[in-house]
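Here are the chains, one letter per residue:
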Amino acid sequence: MSGPASSSPPAVSVHGLERAFKGGIKAVDGLDLEVREGEVYGFLGPNGAGKTTTVRILVTLLKPTAGEARVAGFDVVSQADAVRRNIGVALQEAAIDPLMTGRELLRMQGALHGMKGAQARSRAEELLDRVGLTDAGGRRVGQYSGGMRRRLDLAMALVHRPKVLFLDEPTTGLDPTSRSALWREVRSLNDDGTTVFLTTQYLEEAEQLADRVGIIAGGSLVAEGTPAELKAHVGEPTLHVDLAPESDVAAARVALSAVGPLVDCQDDARVAIRAARGKATVPLAIRALDEAGIAVESVEVESPTLDDVFAAVTGSTLEGATQGASADQAEVPA
Amino acid sequence: MIAGVARESRVVTALGRRALSVQFRRAQLLMPTFVLPLMLLAVIASGTSAGRDLRDFPEVSSYLGFVVAGTLLQGALLSGLTSGMALANDIEGGFFDRLLAAPVRRSSLVFGRLAGTLGLAVLQMAWFLLVALLFGASYPGGVLGALGAAALAVITAVGIGGLAIAIAIRTGSMSLMQSIFPFVFVLLFTAPAFFPRDLLTPTLRDLSAYNPLTYVVEGARGLLQGDASLGDPWIGLAAAVGLAAFATALAVLALRDRARRT
Ligand SMILES: Nc1ncnc2c1ncn2[C@@H]1O[C@H](COP(=O)(O)OP(=O)(O)O)[C@@H](O)[C@H]1O
Ligand SMILES: [Mg+2]
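Predicted model only: the values in this text are computed from it and were never measured.

Helix and strand counts for chain A come out as 11 helices and 14 strands. Projecting the C-alpha coordinates of chain A onto the three principal axes gives extents of approximately 75 × 45 × 40 Å. By the burial criterion, 50% of the 334 residues in chain A qualify as buried. Counting contacts in chain A only where the partners sit at least 6 residues apart, residues at least 24 apart contribute 67% of the total. For chain A, the computed accessible surface area is about 14,500 Å², with 47% contributed by carbon and sulfur atoms.

Structure follows, in structure tokens:
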């Protein structure tokens, strides 16, 4: 993350944002958040949490029914054109005309951003190369794989070198290889200084990419922080030791309690302690057991995941969360 | 200011080019725009050339020559309508959102689509006039008359396109656009596209006076036949331009309205 200049406005700032749809559903309900310049912000939430609605408001495709939002310093309603000049957008359903070729789409996108023919053409080639689609550039997008489409969609969002890039679930439905290719691309873009606002249902994705994560449920933020902060809130990592058969479990418990507070363990051949220092606890535990003459079979450190965070703040797991998980159950102030 | 106009015109050109090339890749839209009117022309010309023997039928080189103006008009209706369908398809598929998220004037999105309609209609009219010529039609009005008739039809295509685009923007529904298809023929048959106005039933004749396409098709016929008594080209031009201007304004307003509502 490049250090934000103190004078520049936040890349995204949202205050009391609301969006009600016909029928009274409040898809976004009192959202507050701020994304600093140069940050990768992960907007994490289950299906129906309000991620897409928020993104559509931020990219000027939808108007808020209350509250305000600014992107790159401009108001998304009253200064929509300025916002559009500064953002790149890759929407959830990579909306690309299947009858056009990748190259045509990129050139068209260049024209939409005011480029002249020659400039749009060379920028298209540059981007095709960047996302590894040079060979496929002349083929109709209808024949592309899901991963290729997403890469093209990303390339289109980059045509005008936007300050802020919005990616709505960029890897949903992708195979692991395509997913990590996209992650690499997002990281390299961020290294070049692009602010990234990324929505995802995947904990791993948020952990992998985001400098900060906001967890959204029922249209508002239920927790926010760096992945490490959020996990720390849920609890410290746990160190599990599997003892060799016939080992003295009681003696092991005594030896390990000197390293960290014991944690209840179902398994008889297993001892667990809290490991505030994470993996650094491993050598300490092994030495203590060794000195007590206890044979160890394996050791592992289990860190809380964002799933645990989500469970703690919403009372439901991310995978099992249904639409409109209530924000009232939040235990962590956002 | 001038830079802004140049920029928007690049946008319109790019969108127009895209609309046109995609139209050619969509067989289900290409068939009606380029083939259907010719099929109708062939049927009418072969089966009902007896029409010429009817009393009150104007003196023209052949019935074929008379009907070609109706074919041009029919082509204009179809290219306009398919433009609306293509837009509805863009809206349903989310492609239109990409355009809306771009820093371009909203009216440029409408003009871009209409530029595609215009390009399509130019190709279409040239094709119809050529095929009719091969069928044996003659154009006593000469090359200039044929060009003028084609121009009237092209402007009309833009007008119909504007109406269709306005509906597509307001409904965003491809299936609704498709269901409009038959009604377009009402516009065609309440205009003297295939018969002179005097041969229409009294009700149709009264109705046709209110249909701007009546003046377009008569004007085009006058130009093709080189006979202003068949239709005044200037009145035709006024009707075509009036329709195009009105429809374009409607489409731009529809888009503004949509932006305000979303
Ligand atoms: N156009 C709409 N009309 C009515 N309800 C909508 C509309 N768009 C989204 N919603 C509802 O708003 C809620 C949030 O949706 P969305 O923002 O798409 O969530 P996410 O992207 O997190 O899955 C859902 O309950 C959804 O059904
Ligand atoms: Mg979504």
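Next comes the rest of the description.
Moving on to the sheet that holds strand β11 (residues 238-243) of chain A. Residues and elements named next belong to chain A. Taking strand neighbours across the sheet as the criterion, the four strands line up as β12-β13-β11-β14 in an open arrangement whose pairing is antiparallel. Only two strands of the sheet have a single neighbouring strand rather than two, namely β12 (262-263) and β14 (296-302). Pairing analysis gives two bridges linking β12 to strand β13 (residues 270-274), with the strands arranged antiparallel. In the strand pairing of β13, Val-263 is matched with Ala-272. Here helix α9 (residues 249-257) sits on the sheet in contact with β11, β12 and β13, set at roughly 15° to β13.

Here the focus is the sheet that holds strand β10 (residues 220-225) of chain A. Sheet strands pair via backbone hydrogen bonds, and the direction of the pair is either parallel or antiparallel. Residue and element names in this part refer to chain A. Pairing is mixed across the open sheet formed by six strands, whose spatial order is β6-β7-β8-β3-β9-β10. Each of the sheet's edge strands pairs with one partner strand only, and the pair in question is β6 (87-90) and β10. Between one strand and the next, the sheet's axes are offset by a mean angle of 15°, whatever the strand orientation. Here strand β9 (residues 212-217) runs beside β10; their pairing, made up of five bridges, is antiparallel. Bridge pairing in β10 places Ile-216 opposite Leu-221. Contacts from helix α1 (residues 51-58) reach β3 (40-44), β7 (164-168), β8 (195-200) and β9, with the element oriented near 150° to β8. Seen against the sheet, helix α8 (residues 227-234) touches β9 and β10 and runs at an angle of roughly 100° to β10.

Looking now at the pattern of salt bridges. All names here are of chain A. Overall, the coordinates contain 24 salt bridges over all chains when judged by the stated rule. When the shortest N-O distance is used, the salt bridge between Arg-107 and Glu-125 registers 3.9 Å. Of this pair, Arg-107 sits in helix α3 (residues 102-112) while Glu-125 sits in helix α4 (residues 117-130), placing them 18 residues apart in sequence. Salt-bridge contacts for Glu-300 lead to Arg-270; the nearest nitrogen and oxygen are separated by 2.8 Å. Taken together, the residues span a long stretch of sequence, with Glu-300 in strand β14 and Arg-270 in strand β13 at a distance of 30 residues. Since its relative accessible area comes to 19%, Arg-270 is described here as buried. What emerges from the salt-bridge pattern is a single network uniting Arg-36, Glu-39, Arg-212 and Glu-224.

Residues and elements named next belong to chain A. Within the structure, ligand 1 sits among 11 residues, and Gly-48, Gly-50, Lys-51, Thr-52 and Thr-53 are positioned closest to it. At 3.4 Å from an oxygen atom of ligand 1 is found a side-chain nitrogen or oxygen belonging to Asn-47. At 2.6 Å, a backbone N or O of Gly-48 approaches an oxygen atom of ligand 1. Computed on the free molecule, ligand 1 has an accessible area of 560 Å², of which 67% lies beneath the protein chains in the complex. Here the element with the most residues in the shell around ligand 1 is α1; it accounts for three residues. For the shell around ligand 1, the residue count by class is four nonpolar, six polar and one charged.

Residues and elements named next belong to chain A. Positioned with a positive phi, Ala-72 is a non-glycine residue whose angle comes to about 55°. Secondary-structure assignment places Ala-72 in the loop between β4 (66-71) and β5 (74-75). Here Glu-169, not a glycine, exhibits a phi torsion of approximately 45°, which is positive. Mapping Glu-169 onto the fold places it in the loop between β7 and α6 (176-191).

Turning to the pairing of β11(A), a few remarks are in order. Residue and element names in this part refer to chain A. Of all six residues in β11, six are buried; the element is thus mostly enclosed. Where β11 meets β13, five bridges bridge the pair, whose relative direction is antiparallel. Looking at the pairing, Leu-239 lines up with Ile-273 of β13. As defined by bridge partners, β11 adjoins β14 across six bridges and the pair is classed as antiparallel. Paired with Val-241 across the two strands is Val-299, which belongs to β14.

Here we come to the pairing of β13(A). Counting buried residues in β13(A) gives four out of five residues, a clear majority hidden from the surface. In this structure, the hairpin formed by β12(A) and β13(A) is closed by a connection of six residues.

Once that is clear, we can look at the interface of chain B and chain A. Listed by partner, the interface residues are 25 residues for chain B and 30 residues for chain A. Buried surface at the junction of chain B and chain A, summed over both partners, amounts to about 2,400 Å²; 56% is from carbon and sulfur atoms. Its largest share of buried area at the contact with chain A, chain B owes to B:Arg25, B:Arg98 and B:Pro103, together 31% of the area lost on that side. Summed over the shared surface of chain B and chain A, the result is four salt bridges. A salt bridge links B:Asp97 to A:Arg56, with the nearest nitrogen and oxygen atoms 3.1 Å apart. At the junction of chain B and chain A, the tally comes to 12 residue pairs in polar contact (both at pLDDT 80 or more).

Reading the values: the criteria
- Residues numbered from 1 in each chain as written.
- Chains lettered and ligands numbered in written order.
- Predicted model: local features only at pLDDT ≥ 70, side-chain atom pairs only at ≥ 80, totals over all residues.
- Heavy atoms only, no water.
- Helix = DSSP H or I, 4+ residues; strand = E, 2+ residues; numbered from the N terminus.
- Buried < 20%, exposed > 50% of the residue type's maximum accessible area, 1.4 Å probe, protein only.
- Contact = heavy atoms within 4.5 Å.
- Areas by Shrake-Rupley, 256 points an atom, 1.4 Å probe, with all protein chains shown as cover.
- Pairing = 2+ DSSP bridges.
- Axes fitted to C-alpha atoms, helices over the stretch in contact; angles between N-to-C directions.
- Salt bridge = Lys/Arg side-chain N within 4 Å of Asp/Glu carboxyl O.
- Near = heavy atom within 4 Å.
- Polar contact = N/O pair within 3.5 Å; in protein donor to acceptor, adjacent residues only side chain to side chain.
- Nonpolar A, V, L, I, M, F, W, Y, C, P; charged D, E, K, R; others polar.
- Buried area = accessible area lost by both parts, 1.4 Å probe.

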